[in-house]
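Structural features, examined
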Amino acid sequence: MSEDNNFLNEQESKNLIKEFIHLFEPLKRGKQNYTQHPSKDQIEEYLNNSNAMPDLWQRPQTDSANWMGAEDVALEWTLTDLSLHVQTCAQCSKVADKLRKADKSASWFQDYFSAFGFAGYRKRVLAWTYTASAAVALMALVLNVMPSSFNPIDHALVSDNVSVVDNFDVSGNITLQPETSTTTGDNSSTFANFADQKPIRLNDFRGPIINQF
Amino acid sequence: MLLKLCYDDEELQAIMALNIEYARLAYGEQIVRGTNLPPTEMEEFLCMDGDVDAARQWLSFAYAVEDGDADAVRGLLIYMCSNSTDKVDRSKRAWLLEKIDQKAIDFRSLTMEKIVGTHLNWSHVFQLVGKEFNPTREKDRIKAIHQQLAAQDNLERETA
(Lines give C-alpha, C1' and ligand atoms only; values in the text may rest on other atoms or scores of the structure.)
Protein backbone atom coordinates (compact mmCIF):
# COMPACT_ATOMS: atom_id res chain seq x y z
CA MET A 1 0.00 0.00 0.00
CA SER A 2 1.42 3.42 -0.88
CA GLU A 3 2.16 6.02 1.80
CA ASP A 4 -0.76 8.32 1.12
CA ASN A 5 -3.25 5.48 1.57
CA ASN A 6 -2.65 5.23 5.31
CA PHE A 7 -5.85 7.21 6.01
CA LEU A 8 -7.97 4.31 4.82
CA ASN A 9 -9.18 3.24 8.21
CA GLU A 10 -12.55 1.64 8.72
CA GLN A 11 -14.31 4.87 9.66
CA GLU A 12 -13.03 6.73 6.59
CA SER A 13 -14.23 3.94 4.36
CA LYS A 14 -17.64 3.92 6.01
CA ASN A 15 -17.98 7.66 5.48
CA LEU A 16 -17.05 7.24 1.86
CA ILE A 17 -19.78 4.65 1.36
CA LYS A 18 -22.32 6.76 3.24
CA GLU A 19 -21.75 9.64 0.86
CA PHE A 20 -22.61 7.59 -2.21
CA ILE A 21 -24.83 4.86 -0.82
CA HIS A 22 -27.99 6.32 -2.40
CA LEU A 23 -26.57 5.54 -5.83
CA PHE A 24 -26.71 1.85 -5.01
CA GLU A 25 -30.19 1.86 -3.50
CA PRO A 26 -31.68 -0.47 -6.15
CA LEU A 27 -29.14 -3.07 -5.07
CA LYS A 28 -30.51 -3.08 -1.55
CA ARG A 29 -34.14 -3.59 -2.42
CA GLY A 30 -36.06 -6.85 -2.43
CA LYS A 31 -35.38 -10.14 -0.74
CA GLN A 32 -32.11 -10.49 -2.57
CA ASN A 33 -29.81 -7.87 -3.92
CA TYR A 34 -31.92 -7.33 -6.99
CA THR A 35 -35.66 -7.05 -7.30
CA GLN A 36 -35.45 -8.64 -10.73
CA HIS A 37 -34.90 -12.38 -11.06
CA PRO A 38 -34.21 -14.48 -14.14
CA SER A 39 -37.31 -15.90 -15.80
CA LYS A 40 -38.17 -19.61 -15.55
CA ASP A 41 -37.25 -20.01 -19.21
CA GLN A 42 -33.84 -18.46 -18.61
CA ILE A 43 -33.15 -20.76 -15.66
CA GLU A 44 -34.26 -23.75 -17.72
CA GLU A 45 -32.11 -22.72 -20.64
CA TYR A 46 -29.19 -22.18 -18.30
CA LEU A 47 -29.64 -25.64 -16.70
CA ASN A 48 -29.89 -27.33 -20.09
CA ASN A 49 -27.12 -25.47 -21.87
CA SER A 50 -24.81 -24.15 -19.20
CA ASN A 51 -21.80 -25.47 -21.07
CA ALA A 52 -22.86 -24.24 -24.47
CA MET A 53 -24.22 -20.78 -23.64
CA PRO A 54 -22.15 -17.71 -24.42
CA ASP A 55 -21.01 -15.93 -21.28
CA LEU A 56 -23.41 -13.06 -21.70
CA TRP A 57 -26.97 -12.75 -20.54
CA GLN A 58 -29.21 -9.79 -20.64
CA ARG A 59 -30.96 -8.92 -17.44
CA PRO A 60 -34.73 -9.18 -17.93
CA GLN A 61 -36.08 -5.89 -19.14
CA THR A 62 -39.57 -4.55 -18.86
CA ASP A 63 -41.41 -3.33 -21.94
CA SER A 64 -41.12 0.23 -20.77
CA ALA A 65 -37.33 -0.10 -20.56
CA ASN A 66 -37.23 -1.34 -24.14
CA TRP A 67 -39.52 1.44 -25.18
CA MET A 68 -37.12 3.94 -23.72
CA GLY A 69 -34.21 2.42 -25.57
CA ALA A 70 -32.48 1.25 -22.41
CA GLU A 71 -30.98 -1.87 -23.99
CA ASP A 72 -27.66 -0.13 -24.53
CA VAL A 73 -27.15 0.51 -20.84
CA ALA A 74 -28.91 -2.56 -19.46
CA LEU A 75 -27.18 -4.32 -16.61
CA GLU A 76 -25.36 -7.23 -18.09
CA TRP A 77 -26.05 -10.64 -16.71
CA THR A 78 -23.25 -13.04 -17.45
CA LEU A 79 -23.54 -16.78 -17.12
CA THR A 80 -21.47 -16.58 -13.96
CA ASP A 81 -23.88 -14.00 -12.56
CA LEU A 82 -26.80 -16.25 -13.33
CA SER A 83 -25.08 -19.24 -11.80
CA LEU A 84 -24.25 -17.28 -8.64
CA HIS A 85 -27.75 -15.87 -8.48
CA VAL A 86 -29.46 -19.23 -8.90
CA GLN A 87 -27.25 -20.73 -6.19
CA THR A 88 -27.73 -17.95 -3.67
CA CYS A 89 -31.31 -16.81 -4.31
CA ALA A 90 -33.79 -18.97 -2.36
CA GLN A 91 -36.59 -18.33 -4.82
CA CYS A 92 -34.58 -19.11 -7.95
CA SER A 93 -32.83 -22.16 -6.46
CA LYS A 94 -36.29 -23.65 -5.74
CA VAL A 95 -37.31 -23.08 -9.35
CA ALA A 96 -34.07 -24.69 -10.53
CA ASP A 97 -34.61 -27.73 -8.27
CA LYS A 98 -38.14 -28.22 -9.60
CA LEU A 99 -36.91 -27.93 -13.18
CA ARG A 100 -34.12 -30.43 -12.51
CA LYS A 101 -36.61 -32.96 -11.08
CA ALA A 102 -39.02 -32.47 -13.98
CA ASP A 103 -36.15 -32.84 -16.41
CA LYS A 104 -35.06 -36.17 -14.87
CA SER A 105 -38.49 -37.76 -15.24
CA ALA A 106 -38.87 -36.54 -18.78
CA SER A 107 -35.34 -37.24 -19.91
CA TRP A 108 -35.84 -40.73 -21.39
CA PHE A 109 -38.76 -39.41 -23.42
CA GLN A 110 -36.83 -36.39 -24.61
CA ASP A 111 -33.71 -38.46 -25.33
CA TYR A 112 -35.72 -40.81 -27.48
CA PHE A 113 -37.33 -38.13 -29.59
CA SER A 114 -34.34 -35.87 -29.82
CA ALA A 115 -32.25 -38.83 -30.98
CA PHE A 116 -34.07 -38.85 -34.33
CA GLY A 117 -32.91 -35.48 -35.46
CA PHE A 118 -30.09 -34.11 -33.38
CA ALA A 119 -28.12 -36.95 -31.87
CA GLY A 120 -25.08 -38.63 -33.30
CA TYR A 121 -25.12 -41.45 -35.84
CA ARG A 122 -25.16 -44.27 -33.28
CA LYS A 123 -28.02 -42.83 -31.27
CA ARG A 124 -30.02 -42.14 -34.38
CA VAL A 125 -29.57 -45.71 -35.68
CA LEU A 126 -30.59 -47.06 -32.28
CA ALA A 127 -33.70 -44.88 -32.18
CA TRP A 128 -34.81 -46.02 -35.63
CA THR A 129 -34.04 -49.66 -34.76
CA TYR A 130 -36.18 -49.45 -31.61
CA THR A 131 -39.00 -47.87 -33.60
CA ALA A 132 -38.85 -50.48 -36.36
CA SER A 133 -38.75 -53.32 -33.81
CA ALA A 134 -41.72 -51.87 -31.97
CA ALA A 135 -43.66 -51.54 -35.23
CA VAL A 136 -42.92 -55.17 -36.23
CA ALA A 137 -43.87 -56.42 -32.77
CA LEU A 138 -47.14 -54.50 -32.88
CA MET A 139 -47.99 -55.84 -36.34
CA ALA A 140 -47.24 -59.42 -35.28
CA LEU A 141 -49.47 -58.98 -32.27
CA VAL A 142 -52.34 -57.70 -34.38
CA LEU A 143 -52.01 -60.49 -36.93
CA ASN A 144 -51.79 -63.08 -34.21
CA VAL A 145 -54.86 -61.92 -32.37
CA MET A 146 -57.12 -61.32 -35.35
CA PRO A 147 -57.79 -64.93 -36.55
CA SER A 148 -58.98 -66.06 -33.15
CA SER A 149 -61.24 -63.13 -32.52
CA PHE A 150 -62.52 -62.51 -36.03
CA ASN A 151 -63.21 -65.36 -38.38
CA PRO A 152 -64.93 -64.22 -41.55
CA ILE A 153 -66.12 -67.71 -42.38
CA ASP A 154 -67.79 -68.13 -39.01
CA HIS A 155 -69.46 -64.79 -39.38
CA ALA A 156 -70.74 -65.63 -42.83
CA LEU A 157 -72.24 -68.90 -41.65
CA VAL A 158 -74.36 -67.43 -38.91
CA SER A 159 -76.39 -65.51 -41.42
CA ASP A 160 -79.89 -66.71 -42.25
CA ASN A 161 -79.42 -66.26 -45.93
CA VAL A 162 -76.16 -68.03 -46.51
CA SER A 163 -76.51 -70.71 -49.05
CA VAL A 164 -73.98 -73.41 -48.51
CA VAL A 165 -75.32 -75.88 -50.96
CA ASP A 166 -75.49 -73.48 -53.88
CA ASN A 167 -71.84 -72.67 -53.55
CA PHE A 168 -70.63 -76.21 -53.47
CA ASP A 169 -68.68 -77.07 -56.58
CA VAL A 170 -67.54 -80.34 -57.99
CA SER A 171 -64.02 -80.13 -56.70
CA GLY A 172 -65.35 -80.19 -53.15
CA ASN A 173 -64.53 -76.59 -52.31
CA ILE A 174 -67.17 -74.54 -50.69
CA THR A 175 -67.39 -70.85 -51.37
CA LEU A 176 -69.53 -69.16 -48.83
CA GLN A 177 -71.27 -66.00 -49.79
CA PRO A 178 -74.23 -64.25 -48.30
CA GLU A 179 -77.28 -63.97 -50.47
CA THR A 180 -78.43 -60.57 -51.31
CA SER A 181 -82.05 -59.69 -51.01
CA THR A 182 -83.80 -60.20 -54.33
CA THR A 183 -86.61 -57.84 -53.64
CA THR A 184 -84.93 -54.67 -52.51
CA GLY A 185 -81.28 -55.23 -53.34
CA ASP A 186 -80.54 -54.26 -49.81
CA ASN A 187 -78.41 -56.77 -47.96
CA SER A 188 -78.11 -54.82 -44.74
CA SER A 189 -80.42 -57.25 -42.93
CA THR A 190 -78.28 -60.19 -43.99
CA PHE A 191 -75.76 -59.67 -41.21
CA ALA A 192 -78.05 -57.87 -38.85
CA ASN A 193 -78.66 -60.58 -36.28
CA PHE A 194 -75.19 -61.94 -35.65
CA ALA A 195 -75.52 -61.65 -31.92
CA ASP A 196 -78.78 -63.60 -31.77
CA GLN A 197 -77.61 -66.53 -33.84
CA LYS A 198 -75.81 -69.58 -32.64
CA PRO A 199 -72.64 -69.91 -34.68
CA ILE A 200 -72.69 -72.79 -37.12
CA ARG A 201 -69.40 -74.45 -37.90
CA LEU A 202 -68.42 -75.67 -41.34
CA ASN A 203 -68.07 -79.21 -39.98
CA ASP A 204 -71.73 -79.22 -39.02
CA PHE A 205 -72.62 -79.26 -42.71
CA ARG A 206 -70.04 -81.69 -43.92
CA GLY A 207 -72.09 -84.89 -43.47
CA PRO A 208 -75.40 -83.77 -44.88
CA ILE A 209 -73.88 -81.89 -47.80
CA ILE A 210 -71.83 -84.83 -48.95
CA ASN A 211 -74.80 -87.14 -48.52
CA GLN A 212 -76.78 -85.05 -50.95
CA PHE A 213 -74.48 -86.08 -53.76
CA MET B 1 -47.58 6.65 -26.41
CA LEU B 2 -48.81 3.11 -25.79
CA LEU B 3 -47.67 3.32 -22.20
CA LYS B 4 -49.50 6.59 -21.77
CA LEU B 5 -52.69 4.84 -22.91
CA CYS B 6 -52.16 1.87 -20.60
CA TYR B 7 -51.12 3.67 -17.44
CA ASP B 8 -52.14 6.88 -15.75
CA ASP B 9 -49.53 9.56 -15.10
CA GLU B 10 -48.65 8.41 -11.59
CA GLU B 11 -48.14 4.78 -12.62
CA LEU B 12 -46.11 5.81 -15.63
CA GLN B 13 -43.94 8.01 -13.44
CA ALA B 14 -43.37 5.08 -11.04
CA ILE B 15 -42.42 2.70 -13.88
CA MET B 16 -40.04 5.22 -15.38
CA ALA B 17 -38.48 6.02 -12.02
CA LEU B 18 -37.70 2.37 -11.36
CA ASN B 19 -36.29 1.75 -14.81
CA ILE B 20 -34.20 4.89 -14.95
CA GLU B 21 -32.86 4.07 -11.50
CA TYR B 22 -31.74 0.71 -12.89
CA ALA B 23 -30.43 2.40 -16.00
CA ARG B 24 -28.25 4.67 -13.87
CA LEU B 25 -26.97 1.65 -12.00
CA ALA B 26 -26.33 -0.07 -15.30
CA TYR B 27 -24.37 2.95 -16.44
CA GLY B 28 -22.26 2.58 -13.29
CA GLU B 29 -21.62 -1.01 -14.32
CA GLN B 30 -20.53 0.22 -17.73
CA ILE B 31 -18.06 2.59 -16.06
CA VAL B 32 -16.64 -0.28 -14.01
CA ARG B 33 -16.29 -2.44 -17.10
CA GLY B 34 -14.68 0.36 -19.07
CA THR B 35 -17.09 0.30 -22.01
CA ASN B 36 -16.63 4.05 -22.46
CA LEU B 37 -20.21 5.10 -23.12
CA PRO B 38 -19.78 8.87 -23.48
CA PRO B 39 -21.43 10.83 -20.61
CA THR B 40 -22.59 13.61 -22.95
CA GLU B 41 -24.76 11.10 -24.82
CA MET B 42 -26.14 9.54 -21.65
CA GLU B 43 -27.00 12.75 -19.86
CA GLU B 44 -30.61 13.18 -21.00
CA PHE B 45 -31.46 9.52 -20.71
CA LEU B 46 -30.17 9.20 -17.15
CA CYS B 47 -32.36 12.01 -15.84
CA MET B 48 -35.57 11.04 -17.63
CA ASP B 49 -37.33 10.42 -14.31
CA GLY B 50 -36.49 13.94 -13.19
CA ASP B 51 -33.84 12.95 -10.63
CA VAL B 52 -31.22 15.24 -12.12
CA ASP B 53 -28.90 15.11 -9.13
CA ALA B 54 -28.63 11.31 -9.12
CA ALA B 55 -27.90 11.40 -12.85
CA ARG B 56 -25.33 14.12 -12.31
CA GLN B 57 -23.54 12.04 -9.68
CA TRP B 58 -23.17 9.06 -11.99
CA LEU B 59 -22.08 11.40 -14.78
CA SER B 60 -19.41 12.80 -12.45
CA PHE B 61 -17.86 9.33 -12.26
CA ALA B 62 -17.97 9.07 -16.04
CA TYR B 63 -16.32 12.48 -16.51
CA ALA B 64 -13.72 11.53 -13.90
CA VAL B 65 -12.89 8.43 -15.93
CA GLU B 66 -12.50 10.57 -19.07
CA ASP B 67 -10.32 13.21 -17.46
CA GLY B 68 -8.25 11.42 -14.86
CA ASP B 69 -7.19 8.06 -13.48
CA ALA B 70 -9.81 5.70 -14.86
CA ASP B 71 -8.62 2.70 -12.86
CA ALA B 72 -8.85 4.62 -9.60
CA VAL B 73 -12.44 5.69 -10.33
CA ARG B 74 -13.32 2.10 -11.19
CA GLY B 75 -11.71 0.90 -7.98
CA LEU B 76 -13.69 3.40 -5.97
CA LEU B 77 -16.93 2.26 -7.56
CA ILE B 78 -16.07 -1.40 -7.03
CA TYR B 79 -15.38 -0.79 -3.34
CA MET B 80 -18.59 1.17 -2.81
CA CYS B 81 -20.74 -1.31 -4.69
CA SER B 82 -19.19 -4.28 -2.92
CA ASN B 83 -19.87 -2.74 0.51
CA SER B 84 -23.24 -1.20 -0.32
CA THR B 85 -25.27 -3.98 1.33
CA ASP B 86 -25.22 -4.74 5.06
CA LYS B 87 -25.35 -8.48 4.59
CA VAL B 88 -22.30 -10.36 3.33
CA ASP B 89 -22.93 -12.92 0.61
CA ARG B 90 -20.35 -15.46 1.74
CA SER B 91 -20.47 -17.81 -1.24
CA LYS B 92 -20.16 -14.91 -3.66
CA ARG B 93 -17.35 -13.35 -1.64
CA ALA B 94 -15.44 -16.65 -1.51
CA TRP B 95 -15.89 -17.08 -5.26
CA LEU B 96 -14.70 -13.55 -6.06
CA LEU B 97 -11.71 -13.67 -3.67
CA GLU B 98 -10.61 -16.95 -5.20
CA LYS B 99 -10.79 -15.40 -8.66
CA ILE B 100 -8.86 -12.34 -7.50
CA ASP B 101 -6.15 -14.49 -5.90
CA GLN B 102 -5.83 -16.56 -9.05
CA LYS B 103 -5.87 -13.36 -11.14
CA ALA B 104 -8.64 -14.98 -13.14
CA ILE B 105 -10.83 -11.86 -13.17
CA ASP B 106 -10.34 -8.16 -13.85
CA PHE B 107 -12.60 -5.12 -13.90
CA ARG B 108 -13.61 -5.71 -17.54
CA SER B 109 -15.47 -8.88 -16.63
CA LEU B 110 -17.06 -7.54 -13.46
CA THR B 111 -20.77 -6.93 -13.09
CA MET B 112 -22.83 -5.47 -10.26
CA GLU B 113 -24.17 -8.95 -9.57
CA LYS B 114 -20.66 -10.30 -9.03
CA ILE B 115 -19.54 -7.41 -6.85
CA VAL B 116 -22.51 -6.61 -4.66
CA GLY B 117 -22.47 -8.08 -1.15
CA THR B 118 -18.87 -9.29 -1.37
CA HIS B 119 -17.54 -6.69 1.14
CA LEU B 120 -14.10 -6.43 -0.45
CA ASN B 121 -11.36 -4.55 1.36
CA TRP B 122 -9.09 -2.05 -0.32
CA SER B 123 -6.27 -4.50 -0.98
CA HIS B 124 -8.66 -6.70 -2.99
CA VAL B 125 -9.79 -3.66 -4.96
CA PHE B 126 -6.20 -2.68 -5.70
CA GLN B 127 -5.56 -6.21 -6.95
CA LEU B 128 -8.63 -6.03 -9.16
CA VAL B 129 -7.72 -2.77 -10.87
CA GLY B 130 -4.04 -3.68 -10.94
CA LYS B 131 -2.73 -0.66 -9.02
CA GLU B 132 -2.90 1.26 -5.75
CA PHE B 133 -4.52 4.68 -5.56
CA ASN B 134 -5.68 7.25 -3.03
CA PRO B 135 -9.47 6.83 -2.63
CA THR B 136 -9.97 10.10 -0.77
CA ARG B 137 -8.25 12.04 -3.50
CA GLU B 138 -10.43 10.35 -6.10
CA LYS B 139 -13.56 10.97 -4.06
CA ASP B 140 -12.69 14.68 -3.76
CA ARG B 141 -12.05 14.89 -7.49
CA ILE B 142 -15.44 13.33 -8.26
CA LYS B 143 -17.18 15.67 -5.82
CA ALA B 144 -15.50 18.64 -7.47
CA ILE B 145 -16.73 17.50 -10.90
CA HIS B 146 -20.21 17.06 -9.46
CA GLN B 147 -20.23 20.61 -8.06
CA GLN B 148 -18.98 21.92 -11.36
CA LEU B 149 -21.79 20.17 -13.26
CA ALA B 150 -24.37 21.47 -10.79
CA ALA B 151 -23.05 25.01 -11.18
CA GLN B 152 -23.23 24.69 -14.97
CA ASP B 153 -26.82 23.50 -14.80
CA ASN B 154 -27.78 26.39 -12.52
CA LEU B 155 -26.15 28.85 -14.87
CA GLU B 156 -27.98 27.39 -17.86
CA ARG B 157 -31.29 27.53 -15.99
CA GLU B 158 -30.73 31.16 -15.04
CA THR B 159 -29.82 32.22 -18.55
CA ALA B 160 -32.80 30.37 -19.97
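Look a little higher up for the structure.
Bear in mind that the values here come from a model prediction, so they are computed numbers and not experimental data. (Residues numbered from 1 in each chain as written. Chains lettered and ligands numbered in written order. Predicted model: local features only at pLDDT ≥ 70, side-chain atom pairs only at ≥ 80, totals over all residues. Heavy atoms only, no water.)

Let us look at the overall build of chain B. Along its length, chain B carries nine helices and zero strands. Each helix (α) and strand (β) of chain B, taken in turn from the N terminus, gives the series α-α-α-α-α-α-α-α-α. Every one of the 160 residues in chain B was classed for burial, and the buried ones make up 52%. Relative to all contacts within chain B whose residues are 6 or more apart in sequence, the contacts with residues 24 or more apart total 73%. (Helix = DSSP H or I, 4+ residues; strand = E, 2+ residues; numbered from the N terminus. Buried < 20%, exposed > 50% of the residue type's maximum accessible area, 1.4 Å probe, protein only. Contact = heavy atoms within 4.5 Å.)

The subject of this paragraph is the overall build of chain A. When you go through chain A residue by residue, the secondary structure sums to nine helices and two strands. Ordering the α and β elements of chain A from the N terminus gives α-α-α-β-α-β-α-α-α-α-α. Here chain A holds 213 residues, and 26% of them are scored as buried. Sequence separation of 24 or more characterises 47% of the internal contacts of chain A that already satisfy a separation of 6 or more. Accessible surface for chain A amounts to roughly 14,700 Å². Of this, 55% is attributable to carbon and sulfur atoms. (Areas by Shrake-Rupley, 256 points an atom, 1.4 Å probe, with all protein chains shown as cover.)

Another aspect to go through is the nonpolar core. Across soluble globular proteins, you tend to see nonpolar side chains buried next to one another. Within the largest apolar cluster, 53 residues are counted, with the highest numbers of intra-cluster contacts made by Phe24 of chain A together with Phe61, Ile78, Met80 and Leu110 of chain B. Among the elements that line this core, the one with the most residues is helix α5 (residues 70-82) of chain B, at nine residues. Not counting residues within four places of it along the chain, the set of residues in contact with leucine 110 of chain B comprises Glu29, Val32, Arg33, Ile78, Leu96, Ile105, Ile115 and Leu128 of chain B. In terms of nonpolar packing, the next biggest core, distinct from the first, is built from nine residues, Leu82, Val86, Cys92 and Ala96 of chain A among them. (Core = buried A, V, L, I, M, F, W, Y, C linked by side-chain atoms within 4.5 Å.)

For the rest of this paragraph, the subject is a positive patch on the surface. Residue and element names in this part refer to chain A. Together, Lys40, Lys94, Lys98 and Lys101 make up a region of like positive charge exposed at the surface. In terms of residue count, the dominant contributor to the positive patch is helix α6 (residues 90-117) (three residues). Positionally, lysine 101 belongs in helix α6. Assessed through its relative accessible area of 65%, lysine 101 is described here as exposed. (Patch = residues over 30% accessible without salt bridge, like charges linked within 9 Å, V, L, I, M, F, W, Y side chains within 5 Å. Salt bridge = Lys/Arg side-chain N within 4 Å of Asp/Glu carboxyl O. Lys, Arg positive; Asp, Glu negative; His and termini not counted. Charge placed at Lys NZ, Arg CZ, Asp CG, Glu CD.)

All names here are of chain B. Topologically, lysine 99 is positioned in helix α6 (residues 90-101). The exposure class of lysine 99 is partly exposed, given its relative accessible area of 26%. Along the sequence, lysine 99 and leucine 128 sit 29 residues apart, while their C-alpha atoms lie 9.6 Å from each other. Residues in contact with lysine 99, not counting those within four places in the same chain, are Ala104 and Ile105.

Next up on the list: the packing of helix α3 (residues 39-46) of chain B against helix α4 (residues 52-67) of chain B. The description of two helices packed together rests on the angle between their axes and the distance between the axes. Residue and element names in this part refer to chain B. Packing of α3 against α4 leaves a shortest axis separation of 10 Å and a crossing angle of 175°. Classified by the angle between their axes, α3 and α4 sit roughly antiparallel to one another. Contacts from Pro39, Thr40, Glu43 and Leu46 in α3 reach Ala55, Leu59, Ala62, Tyr63 and Glu66 in α4. Here the contact of α3 with α4 is composed, by residue class, of six nonpolar, one polar and two charged. (Axes fitted to C-alpha atoms, helices over the stretch in contact; angles between N-to-C directions. Parallel < 35°, antiparallel > 145°, perpendicular 65-115°, else oblique. Nonpolar A, V, L, I, M, F, W, Y, C, P; charged D, E, K, R; others polar.)

Along an α-helix, residues three or four apart share an orientation, since each turn contains 3.6 residues. All names here are of chain B. Across its 13 residues, α5 extends 18 Å between first and last C-alpha, which sits within 8% of the 18 Å expected from 1.5 Å per residue. Among the 13 residues that make up α5, twelve are buried, leaving the element largely enclosed by the rest of the structure. Within α5 the residues assigned to the buried category are Ala70, Ala72, Val73, Arg74, Gly75, Leu76, Leu77, Ile78, Tyr79, Met80, Cys81 and Ser82. Taking the backbone nitrogen of aspartate 71 as reference, a side-chain oxygen 3.2 Å away marks aspartate 69 as the first, capping residue of α5. (Expected span 1.5 Å × (residues − 1). Polar contact = N/O pair within 3.5 Å; in protein donor to acceptor, adjacent residues only side chain to side chain.)

One way to put it is that helix α1 (residues 10-20) of chain A packs onto α5 of chain B with a least axis distance of 10 Å and a crossing angle of 90°. Judged by the angle between their axes, α1 of chain A and α5 of chain B are roughly perpendicular. Of α5 of chain B, the residues touching α1 of chain A (which contributes Ser13, Leu16, Ile17 and Phe20 of chain A) are Leu76, Tyr79 and Met80 of chain B. For the contact of α1 of chain A with α5 of chain B, the residue count by class is six nonpolar, one polar and no charged.

Quick look at the environment of valine 52 of chain B now. Residues and elements named next belong to chain B. Along the chain, valine 52 falls in helix α4. Its relative accessible area of 33% is what places valine 52 among the partly exposed residues. Separated by 98 residues in the primary sequence, valine 52 and alanine 150 have C-alpha atoms spaced 9.4 Å apart. Those residues in contact with valine 52 that sit more than four places away from it in its chain are Cys47 and Asp153.

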